[in-house]
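What follows is the residue order along each chain.
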Amino acid sequence: MNSSTSEMSAAPTAESTSLQKQENDQQEIDEDLKEASEVFNSLFSTRRPKDGWAGLSSGLKSIGKGTAAGVASLVAQPIAGAHENGVRGFFGGLATGVAS
């Protein structure tokens, strides 16, 4: 009986499994945020401009890059959705592309 008692205490409980899942979910969120931050910083300038013309130029470049990224998302999301779930995925991807 002693060995079965020690085996039962070594088995993961529902609470510990739930806690591990929450930790894994938080780790995935942190990794996604880090990746999103890197993408944002690579697309848009976050430095202070040296004068007004540099600020205007930087702003126009950011508008252009943001527009291009939006168009790319509008095209790519429906295609990816269609590959995953057919026609239903296409419309889901279209909604995601429009929202982003």
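The shown structure was predicted, so the numbers you read here are calculated from the model rather than taken from an experiment. (Residues numbered from 1 in each chain as written. Predicted model: local features only at pLDDT ≥ 70, side-chain atom pairs only at ≥ 80, totals over all residues. Heavy atoms only, no water.)

**With respect to helix H3 (residues 52-99)**
In this model, H3 (48 residues) spans only 32 Å end to end at C-alpha, well below the 70 Å of a helix rising 1.5 Å per residue. Of all the bends found along H3, the most pronounced is centred on Asn-85 and spans about 150°. Buried within H3 we find Ser-62, Ser-73, Pro-78, Gly-81, Gly-89, Gly-93 and Gly-97. The opening residue of H3 is Asp-51, an N-cap whose side-chain oxygen sits 3.2 Å from the backbone nitrogen of Trp-53. (Helix = DSSP H or I, 4+ residues; strand = E, 2+ residues; numbered from the N terminus. Expected span 1.5 Å × (residues − 1). Bend = angle between axes of the 7 residues up to and from the residue. Buried < 20%, exposed > 50% of the residue type's maximum accessible area, 1.4 Å probe, protein only. Polar contact = N/O pair within 3.5 Å; in protein donor to acceptor, adjacent residues only side chain to side chain.)

**Examining a nonpolar patch on the surface**
A contiguous nonpolar patch, built from Val-71, Leu-74, Val-75, Ile-79, Val-87, Phe-90, Phe-91, Leu-94 and Val-98 and spanning about 810 Å² of accessible area, is present on the exposed surface. Inspection of the secondary structure puts Val-98 in helix H3. (Patch = residues over 30% accessible without salt bridge, like charges linked within 9 Å, V, L, I, M, F, W, Y side chains within 5 Å. Areas by Shrake-Rupley, 256 points an atom, 1.4 Å probe, with all protein chains shown as cover. Salt bridge = Lys/Arg side-chain N within 4 Å of Asp/Glu carboxyl O.)

**Some words on the packing of aromatic side chains**
Taken as a whole and assessed by the stated rule, the structure comprises one aromatic pair. Seen from their ring centres, Phe-90 and Phe-91 are 5.2 Å apart, and the 85° between their planes marks the pair as edge-to-face. (Phe/Tyr/Trp six-rings, centres within 6.5 Å; stacked < 30°, edge-to-face > 60°.)

**Notes on the layout of surface pockets**
One number sums up the size of the largest pocket: a volume of about 210 Å³. In terms of lining residues, the largest pocket is bounded by 13 residues, among which Ser-45, Arg-47, Ala-54, Ser-58 and Lys-61 are the most central. Examining the composition of the lining of the largest pocket, we find that six residues originate from one element, H3, more than from any other. Split into classes, the residues belonging to the lining of the largest pocket amount to four nonpolar, four polar and five charged. (1 Å grid on protein atoms, 1.4 Å probe; cavity = no way out; pocket = protein on both sides within 12 Å on 5 of 7 lines; lining within 4 Å. Points joined across faces, edges and corners; volume = space filled by probe spheres on them. Nonpolar A, V, L, I, M, F, W, Y, C, P; charged D, E, K, R; others polar.)

**Section: the confidence of the model for the chain**
For the chain, mean pLDDT is 82; residues scoring 70 or higher make up 88% of the total. Mean pLDDT per element in the chain: helix H1 (residues 2-10) is the minimum at 50, and H3 is the maximum at 89. (pLDDT = per-residue confidence, 0-100.)

**Thoughts on the pattern of salt bridges**
Throughout the structure, instances matching the rule amount to one salt bridge. Across the pair Asp-25 and Lys-21 runs a salt bridge whose closest N-O atoms are separated by 3.2 Å. Pair noted here: Asp-25 and Lys-21 are both in helix H2 (residues 14-43), with a separation of four residues, about one helical turn.

**Section: the environment of Ala-95**
Relative to the elements of secondary structure, Ala-95 occurs in helix H3. Since its relative accessible area comes to 46%, Ala-95 is described here as partly exposed. Considered as a pair, Ala-95 and Gln-77 are 18 residues apart in the sequence and their alpha carbons are 8.4 Å apart.

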